[in-house]
Amino acid sequence: MNDRAPRRNFLKRSAVVGTLAGLGDFAFLPGLPHLAAADVQLAPGRVRLSADIEPLVRLLEDTERKQILETVAERMRRGATYQDLMTALMLAGVRGIQPRPVGFKFHAVLVVHSAHLASLAANDRDRWLPLFWAIDTFKASQERNRKEGDWSMRELPADRLPAAHLAGARFREAMAQWDADAADAGITAWSRNAGQSEIYEVFWRLGARDFRDIGHKAIYVANSYRTLQTIGWRHAEPILRSLAYALVAHEETNPAKRDDFRDRPGRDNLNNLLKVRRDWQQGKPSAAAAGELLQAMRTLDAAAASLRVIEMLNKEISPASIWDGLFLFAGELLMRQPGIVGLHCVTTINALYFGYQTSGDDVTRRYLLLQAAAFLSLFRQRMGKLPEDLRLDAIQPAELKAQGTTAIEEIFHDADKDRLLAARKALTLATREPDRIAELMAASRRLIFARGTDSHDYKFSSAVFEDFTHVTPDWRNRFLASSLFYLRSAGAETDLTRRIRAALGAK
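So, how was this worked out
Residues numbered from 1 in each chain as written. Predicted model: local features only at pLDDT ≥ 70, side-chain atom pairs only at ≥ 80, totals over all residues. Heavy atoms only, no water. Axes fitted to C-alpha atoms, helices over the stretch in contact; angles between N-to-C directions. Helix = DSSP H or I, 4+ residues; strand = E, 2+ residues; numbered from the N terminus. Parallel < 35°, antiparallel > 145°, perpendicular 65-115°, else oblique. Left-handed = near helix turned anticlockwise from the far one by under 90°. Contact = heavy atoms within 4.5 Å. Salt bridge = Lys/Arg side-chain N within 4 Å of Asp/Glu carboxyl O. Buried < 20%, exposed > 50% of the residue type's maximum accessible area, 1.4 Å probe, protein only. pLDDT = per-residue confidence, 0-100. Expected span 1.5 Å × (residues − 1). Phe/Tyr/Trp six-rings, centres within 6.5 Å; stacked < 30°, edge-to-face > 60°. Lys NZ or Arg CZ within 6 Å of the ring centre and 35° of its normal.

**Topic: the packing of helix 4 (residues 82-96) against helix 6 (residues 112-121)**
The geometry of helix 4 relative to helix 6 is characterised by a closest axis approach of 10 Å and an angle of 160° between their N-to-C directions. Comparing their axes, helix 6 and helix 4 come out roughly antiparallel. Crossing of helix 4 over helix 6 shows right-handed handedness. Contact residues: Tyr82, Met86, Leu89 and Met90 in helix 4; Val112, His116 and Ser119 in helix 6.

The structure is reproduced here in structure tokens:
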């Protein structure tokens, strides 16, 4: 996307058809006084950002929520690019929203990259809408953060930082001891002297080491990495400080000094790594093995689930088939309990798989695969009693009365009343008209743009549509079908959509 397109192209992109047909043209908005860098005054001790982005961050921070959409629209007219605004949004979030618990109000940060993925996949006319939505979400989270103590990230004095050549070691030691202050000093110094790949090799494991916050730690590691890939490593320091502070969150006493079920799989799997054959990445693809793992995961505890993955690897089953089984089980858990915990089965596996794909370290990749199996077992246990009759490998296609685009409308109409029927019809569509799958995804995104009410609408859809391509062809249509148990269906236009229209001067 050309972020510096002239105003006429922005107007064209903002004229949304279909679900958002009323968005209309961009109207002239009241001018705002120029906000120069010299005019921006930080509270004493508050962490400072790059001089070129600080004014835009302060604009997001200081503008009232009821005025933010109009203010951002005006700034876009004056030349602020999509990337400028995405960068400012991420930095405002990490500086001004406490990342504990890793969820709830902190979704304003967690959702930034998911909204970006939605923008990338949208047509040109819809592309700004997820960003507007994410900015409004930040303002809501900012209000909640103020009510809960008004946390903000503080600047660290230079005399508290370790020497550059010791920073990485000090950070790893502090994280092992769950020492938040030492970890903050370590990552601050390390981020100034190391690159993204080196630092994130540590973070991939840290995000997966404990099962707290229903997977949000792993999700934050993946989404922060991906956001930095987009906005640039020069903005890393405050993001990494926020991430480290989130990852040492825990309850009660220091986890390093006790045995807790949330930490046990991570510790056990560090030893289990040695049980995996050296050439584990070479194996035979097997759709049957993926199905067998899906069945086994319905009863295995966390320790047994990791050991089953090791057994499959040592029998020379392809890791891709093992991931198939895990993706499928995540989708099945969502089917059996379509809610907050169920959807995080899907988004957590998405994050762990992204780390698995991105890491260049063999040990880290093995660890993430074993932890993915353990986490899904812990998710299942947390969900309590589940219906036994909903099994992803057993659902049957259902007749579609319509074809083409009308069939997609039929699926989402059914999803409003009968999620299982919608899933069965989606399975039919994906099998009968595979070239319509992209159209179904696009229709789903447009429903989110117009009727989405929650960060999870963006997080879930971005994860499931991405992982559809990661699941092998033998199973991917069933995985997609499971998503109909949560994807946004029909419903009334949201107040936010109407506010966006008003901000853009639409009739």
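**Side note on the pattern of salt bridges**
Should the charged atoms of two oppositely charged side chains come close, the side chains can pair. Taken as a whole and judged by the stated rule, the model has 39 salt bridges. Across the pair Asp279 and Arg277 runs a salt bridge, and its minimum N-O distance is 2.8 Å. By relative accessible area, which is 39% here, Asp279 ends up partly exposed. Residues Glu388 and Arg336 are paired through a salt bridge, measuring 3.9 Å at the closest nitrogen-oxygen approach. In this pair, Glu388 sits in the loop between helix 18 (362-382) and helix 19 (404-415) while Arg336 sits in helix 16 (residues 319-336), placing the two residues 52 residues apart along the sequence. Taken together, the shared-partner salt bridges in this structure form one network comprising Asp210, Arg212, Lys217, Glu251, Arg258, Asp260, Arg262 and Asp263.

**Examining the confidence of the model for the chain**
Here the chain shows a mean pLDDT of 90. Residues at 70 or above account for 90%. This model gives residues 1-42 a pLDDT under 50, and the stretch forms 98 contacts once residues within four places in sequence are excluded.

**Concerning the side chain of Ser483**
Among the structural elements, Ser483 can be located in the loop between helix 23 (476-482) and helix 24 (495-503). Ignoring sequence-local partners within four residues, the contact set of Ser483 consists of Leu334, Phe460 and Val464.

**Things to note about helix 7 (residues 129-147)**
Its 19 residues place the ends of helix 7 28 Å apart at the C-alpha level, agreeing with the 27 Å of an ideal helix rising 1.5 Å per residue. Of all 19 residues that make up helix 7, 14 are buried, and the element is covered over most of its length. Immediately downstream of helix 7, the backbone of Gly149 shows phi near 125°, a positive value.

**Describing the packing of aromatic side chains**
Using the criterion set out here, one finds 23 aromatic pairs in the structure. Here the aromatic rings of Phe211 and Phe375 are separated by 5.2 Å at their centres, their planes lie at 70°, and the arrangement is edge-to-face. Highlighted residues: Phe211 in the loop between helix 10 (196-208) and helix 11 (216-231) and Phe375 in helix 18, separated in sequence by 164 residues. With relative accessibility at 2%, the residue Phe375 sits in the buried group. The rings of Phe171, Trp190, Tyr200, Phe203, Trp204, Tyr225 and Phe354 are connected pair by pair, giving a single aromatic cluster. Note that Arg365 overlies the ring of Tyr356, its terminal NZ or CZ placed 4.2 Å from the centroid.

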